[in-house]
Amino acid sequence: MFPSISLAQEIGLAVLFVAALVWVAGLGHMLWDSRFPQPEPGTHEGLPMIPAQRTSAAHPMESVQLTEAEEQAFAGLIRTIPLH
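Residues numbered from 1 in each chain as written. Predicted model: local features only at pLDDT ≥ 70, side-chain atom pairs only at ≥ 80, totals over all residues. Heavy atoms only, no water.

(A) Inspection of the overall build of the chain at higher detail. Counting its regular elements, the chain contains 2 helices and 0 strands. Scored against the burial criterion, the 84 residues of the chain give a buried share of 1%. Carbon and sulfur atoms make up 69% of the accessible area of the chain, which amounts to about 8,500 Å² in all. (Helix = DSSP H or I, 4+ residues; strand = E, 2+ residues; numbered from the N terminus. Buried < 20%, exposed > 50% of the residue type's maximum accessible area, 1.4 Å probe, protein only. Areas by Shrake-Rupley, 256 points an atom, 1.4 Å probe, with all protein chains shown as cover.)

(B) A look at a nonpolar patch on the surface. Residues Trp 23, Val 24, Leu 27, Met 30 and Leu 31 make up a contiguous nonpolar surface patch of roughly 530 Å² in combined accessible area. Relative to the elements of secondary structure, Trp 23 occurs in helix H1 (residues 7–35). (Patch = residues over 30% accessible without salt bridge, like charges linked within 9 Å, V, L, I, M, F, W, Y side chains within 5 Å. Salt bridge = Lys/Arg side-chain N within 4 Å of Asp/Glu carboxyl O.)

The following block contains the structure:
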């Protein structure tokens, strides 16, 4: 192609040119994607992350009747948890 450079230099120049084209194409693709934010996979905006709490009437296995002593012990335990 060029009479003043060797075949190895021409091959190296072609490889360098192709690598530069790939880099520019990748950079352009990255910049184009940043213009339009994509939602994270697996996230749904309309659905809550934690399901709503069920009422105690949902299922008998989901509710436990506490005795008065258990309720007082639980209340004392909750008071020991720092709020900040």
